[in-house]
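This is what each chain is made of:
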Amino acid sequence: MRITELFTAQSIALDEAQQDRSQIIDRLVELQATHGNIRDKEAYKKGLYEREDEGSTYVDNGITVPHAKCDCVTRPSLAALRLKTPVQYNAEDDGKTDLLFAIAAPKNGSLHVDMLARMMQMLMNEDFVEKLRTAKTPEDFLAAIDAQEEAQFGNESFTDQEIEQAGYRVLAVTACVNGIAHTYMAAEALNKAGAKMGVTIKVETNGSDGAKNILTKDEIANCDGIIVAAEKKIETARFDGKPVLFTRVDDGIHKPEELIHKITSGEVPEFHAKGGAQAAEDASASDSFGRSLYKNLMNGVSHMLPFVVGGGIMIALAFLLDDYSIDPSNFGMNTPLAAFFKTVGSAAFSYMLPILAGFIAMSIADRPGLAVGFAGGVLAMNGTNFAGIAAGETTGISGGFLAALLAGFVAGYVVEFLKKITEKLPASLNGIRPMLIYPLGGILIVGAVMCGINPIMGMINTAMTNWLNAMGGTSKVLLGAIVAGMMSIDMGGPFNKAAYVFGTAALASGNYEVMAAVMVGGMVPPIAIALSTTFCPKKWTPDERRNGIVNYIMGLCFVTEGAIPYAAADPLRVLPSCVIGAALSGALSMTFGCALRAPHGGIFVFPVVDHAVMYCVALAVGSVVGAVILSLLKKTRTEE
């Protein structure tokens, strides 16, 4: 362990104006407390005074090193204070003090002696001390310590003692839109980086099956900081008062060491939840408007998918099990078994639009937005409008996916507006705001908006549906190639998500061929890479060959993210190969007339795909072509 690992920028204060020892020690205790490793600040302060009573800790040249070892200290740490004006720290000191280093060490062992010895050896260098006195920022101060320690000691640890760690230095939360792949890839990358850097870390995953490895109250209280690598909102009020780094889940995969270093070096500011709300805002405050829209949309999509997947597959099974010849006009409901699957599946599938709108609104306005968004989604689904209501009709032309999107955003921002205009009401009325004002006012406003705009959204939705259904021949094949290719451009990023949302929208409009092209395009990259690692092993490292086997499974399960490590390592060769293979599969899927009523599932939903055999052919051809191109582009590795 190095001395610099025991500092953070937050534990360093420069050019302050403390007047005496009492003020100085109070300030040093507060700086030490920023590490989150002192259970009882008063006990640590008492330890500092007891050490001073034994003899002054003034060293020389204006430097004083107060130190104490206590049961209240859970792990070793250092704090630094530079005074604007030197003071007489102890009456018996030979000179005045302007530079102080406070040491905190656990009770057991003599760790503080090792820390003190390393510090004293470094502080004997007058040039180094002058750099500390002229450093402009805590970061510069810490950089000077790091450079001096590197010059004097290299990577040599200052102690041979085993340093116990109470709790975790760094905590993290990962969450991607679908909660399937990115969530767990980021968690794995952060855990590996923590182990490599010697930093204890715990990662909570917010996946599709709920939160796992949940961070406890004590762990949060004792950590140095928290990394939130998420593409959707999570509960963050529990982190109030701790340094929190908000970032994308992709950064957790690709930049784990950088994220951990920012926490351990104290570069991250403290987070304060708005009004202590249970689901406080996350990175939204610093997000761009476009990114905020994207995250709110993806929150709605991720909650909608289980309804679409479960309901869509059951509807598809109804068609698979039914007898078309009994009554072609009632296909899917002719036999009791088929009717059961169709009825239950439709019950879930039909709520996809209200769920989408409701959770978009909830992402924007928290729980008060859910009911308002859901109501707007139902009105969008039914196409309810003023003209129809006047004529005694409650349904019209459905605005479909687009109208539900609009309803969600309108509902969310309407509730946010109601929050702002009512926040100055008397505190005695706080209880009725979420229970009465938000739902009543919100539903009233969103109802008026949707009834007014539904006819326009219905015409747009009808036009899009007709356009998709009318596409034939070359235009349909081109559409399939484009959406499938987009699934492979960034493998879970904006292009991938845009194609996926487009496929889901087409699914909601009854055009199932687009969704088939989207899914097959997302399956190709991992399979193409797996084929290349299997049949051209000399092109890949041993680790890449081993992980290639896993990519067969991930590809067949429609988890495109399995290709990310390979694309990140060699994007100029991997990405073009995968895009070409995926686009070919999408084009073939359209050519063969393949259709899919579920937006996920991979090989497990192949039995309910229209023209399933040809769909397998499309997947195989695209995967093989992608693998061949990739293998030709990759250079043969020479054994080291």
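About the thresholds
Residues numbered from 1 in each chain as written. Predicted model: local features only at pLDDT ≥ 70, side-chain atom pairs only at ≥ 80, totals over all residues. Heavy atoms only, no water. Helix = DSSP H or I, 4+ residues; strand = E, 2+ residues; numbered from the N terminus. Buried < 20%, exposed > 50% of the residue type's maximum accessible area, 1.4 Å probe, protein only. Polar contact = N/O pair within 3.5 Å; in protein donor to acceptor, adjacent residues only side chain to side chain. Contact = heavy atoms within 4.5 Å. Expected span 1.5 Å × (residues − 1). Axes fitted to C-alpha atoms, helices over the stretch in contact; angles between N-to-C directions. Parallel < 35°, antiparallel > 145°, perpendicular 65-115°, else oblique. Nonpolar A, V, L, I, M, F, W, Y, C, P; charged D, E, K, R; others polar. Pairing = 2+ DSSP bridges. Phe/Tyr/Trp six-rings, centres within 6.5 Å; stacked < 30°, edge-to-face > 60°. Lys NZ or Arg CZ within 6 Å of the ring centre and 35° of its normal. Core = buried A, V, L, I, M, F, W, Y, C linked by side-chain atoms within 4.5 Å. Left-handed = near helix turned anticlockwise from the far one by under 90°. Salt bridge = Lys/Arg side-chain N within 4 Å of Asp/Glu carboxyl O. Bend = angle between axes of the 7 residues up to and from the residue. Patch = residues over 30% accessible without salt bridge, like charges linked within 9 Å, V, L, I, M, F, W, Y side chains within 5 Å. Areas by Shrake-Rupley, 256 points an atom, 1.4 Å probe, with all protein chains shown as cover. pLDDT = per-residue confidence, 0-100.

A.B. asks: Quick question: what am I supposed to make of the side chain of T504 here?
C.D. replies: The topology assignment puts T504 in helix α18 (residues 494-508). Residue class for T504 comes out buried when judged on its relative accessible area of 1%. Among the polar contacts made by the side chain of T504, one reaches the main-chain carbonyl oxygen of Y500 at a distance of 2.9 Å. Those residues in contact with T504 that lie beyond four places of it in its chain are M304, M352, F401 and M515.

A.B. asks: Mind showing me how you'd approach helix α23 (residues 612-633) here?
C.D. replies: The first and last C-alpha atoms of α23 sit 32 Å apart over 22 residues, in line with the 32 Å expected at 1.5 Å per residue. Within α23, the full set of buried residues consists of Y615, A618, L619, G622, S623, G626, A627, L630 and S631. Looking at the buried residues of α23, the elements they touch are α19 (512-535) and α22 (571-591).

A.B. asks: Before we go on, may I ask you to explain the packing of helix α3 (residues 111-123) against helix α5 (residues 138-153) in this structure?
C.D. replies: The axes of two packed helices give the description: the angle between them and the distance between them. At a minimum axis distance of 10 Å, the contact between α3 and α5 shows a crossing angle of 95°. The angle between the axes of α3 and α5 places the two elements in the roughly perpendicular class. Residues R118, Q121 and M122 of α3 form the contact with α5, whose participating residues are I145, Q148, E149, Q152 and F153. Here the contact of α3 with α5 is built from residues that sort into three nonpolar, three polar and two charged.

A.B. asks: What's the story with the sheet that holds strand β7 (residues 170-175) in this structure? I'm lost.
C.D. replies: Strand pairing in a sheet is mediated by backbone hydrogen bonds. Such pairs are either parallel or antiparallel. Reading across from one edge, β9-β8-β7-β10-β11 is the order of the five strands in this open sheet, with mixed pairing throughout. At either end of the open sheet lies a strand with only one pairing partner, and these are β9 (210-212) and β11 (244-247). If you compare each strand with its neighbour and ignore which way they point, the axes differ by 15° on average. The pairing of β7 with strand β10 (residues 225-230) spans six bridges and is parallel. When the sheet's bridge partners are listed, V173 is paired in β10 with V228.

A.B. asks: What am I meant to see in the pairing of strand β8 (residues 201-207) here?
C.D. replies: Both faces of the sheet carry side chains from a regular strand, because those side chains alternate between them. Most of β8 is tucked away, with seven of its seven residues classed as buried. Side-chain alternation along β8 places I201, V203, T205 and G207 on one buried face and K202, E204 and N206 on a second face that is also buried. One ladder, built from five bridges, connects β7 with β8; its direction is parallel. Across the sheet, A172 pairs through a bridge with V203, a residue of β8. Bridge count for β8 against β9 is three bridges, and the pairing is antiparallel. Of the residues in β9, the one forming a bridge with G207 is G210.

A.B. asks: Could you clarify how one ought to interpret the pairing of strand β6 (residues 97-106) in this entry?
C.D. replies: Burial runs high along β6: ten of the ten residues are buried. Pairing of strand β3 (residues 63-64) with β6, which is carried by two bridges, proceeds in the parallel orientation. Note that in β6 the partner of T64 across the bridge is L100. Bridge analysis of strand β4 (residues 67-70) against β6 gives four bridges, and the strand direction is parallel. Across the sheet, residue H67 finds its bridge partner in β6, namely I103.

A.B. asks: Before we go on, may I ask you to explain the packing of aromatic side chains in this structure?
C.D. replies: Two numbers describe a pair of aromatic rings. These are the distance of the centres and the angle of the planes. Under the definition given, this model contains eight aromatic pairs. Considering the side-chain rings of Y500 and F558, the 6.3 Å spacing of their centres and the 40° angle between planes classify their relative orientation as tilted. With Y500 in helix α18 and F558 in the loop between α20 (542-556) and α21 (564-569), this pair connects stretches of sequence that are 58 residues apart. Connected via pairs of aromatic rings, a cluster forms that spans F7, F101 and F141. Cation over ring: R118 sits above F153, and NZ or CZ is 3.9 Å from the ring centre. The cationic tip of K634 hangs over the ring face of W540; the distance from NZ or CZ to the ring centre is 4.5 Å.

A.B. asks: What is the right way to read the nonpolar core from this model?
C.D. replies: If you look at the biggest cluster of nonpolar residues, it comprises 54 residues, and the most contacted ones within it are L356, F401, M519, L596 and Y615. Counting residues per element, the ones that place at least two in this core are α10 (289-321), α12 (352-365), α15 (400-422), α17 (474-489), α18, α19, α22 and α23. Of the residues forming this core, the biggest block, twelve residues, is contributed by α19. For F401, the contacting residues outside a window of four places in its chain are M304, L353, L356, N461, V501, T504, A505 and A508.

A.B. asks: What exactly am I supposed to notice about the packing of α12 against α15 here?
C.D. replies: Their axes nearest at 8 Å, the elements α12 and α15 cross at an angle of 30°. As summarised for this structure, α12 and α15 are arranged roughly parallel, according to the angle between their axes. When you trace α12 past α15, the crossing you get is right-handed.

A.B. asks: Can you walk me through the pattern of salt bridges in this structure?
C.D. replies: For side chains of opposite charge, pairing can occur when their charged atoms come near one another. In this structure the tally under the stated criterion is 20 salt bridges. In this structure, the salt-bridge partner of E42 is K45, at a minimum N-O distance of 3.7 Å. Within this pair, E42 and its partner K45 are both found in helix α2 (residues 41-54), separated by three residues, close to a single helical turn. Of the residues examined, K45 reaches a relative accessible area of 18% and is grouped as buried. The closest approach of N and O atoms between E219 and K202, which form a salt bridge, is 2.8 Å. In this pair, E219 sits in helix α7 (residues 217-222) while K202 sits in strand β8, placing the two residues 17 residues apart along the sequence. Across the pair, K202 and E219 agree in class, each one buried. Among the charged side chains, a network of salt bridges with common partners joins D26, E42 and K45.

A.B. asks: Just to check I follow, could you spell out α19 for this structure?
C.D. replies: For the α-helix, the turn length of 3.6 residues means that residues three or four positions removed from each other point alike. Between the first and last C-alpha of α19 there are 35 Å, a value that for 24 residues agrees with the 34 Å anticipated at 1.5 Å per step. Approximately 30° is the largest bend angle found in α19, and it occurs at V524, with the proline P525 only one to four residues beyond. Sitting at the amino-terminal end of α19 is N511, which places a side-chain oxygen 3.5 Å from the backbone nitrogen of E513.

A.B. asks: Is there a simple way to think about unusual backbone geometry in this case?
C.D. replies: Only a minority of non-glycine residues have a phi that is not negative, and only a minority of peptide bonds are not trans. Although it is not a glycine, D15 adopts a positive phi angle of roughly 55°. Checked against the element boundaries, D15 lands in strand β1 (residues 12-16).

A.B. asks: Quick question: what am I supposed to make of a nonpolar patch on the surface here?
C.D. replies: A surface patch of nonpolar side chains, amounting to about 550 Å² of accessible area, comprises L425, L429, I432, M435, L436 and L440. With respect to the helices and strands, the residue I432 is situated in helix α16 (residues 432-470).

A.B. asks: Just to check I follow, could you spell out the confidence of the model for the chain for this structure?
C.D. replies: Regions with low pLDDT carry predicted coordinates that are not meant to be interpreted in detail. In this model, the chain carries an average pLDDT of 85, and 93% of its residues clear a pLDDT of 70 or more. Mean pLDDT across the elements of the chain ranges from a minimum in α21, with 78, to a maximum in α23, with 95. The low-confidence segment residues 275-284, where pLDDT is below 50, has 25 contacts with residues more than four positions distant or belonging to other chains.

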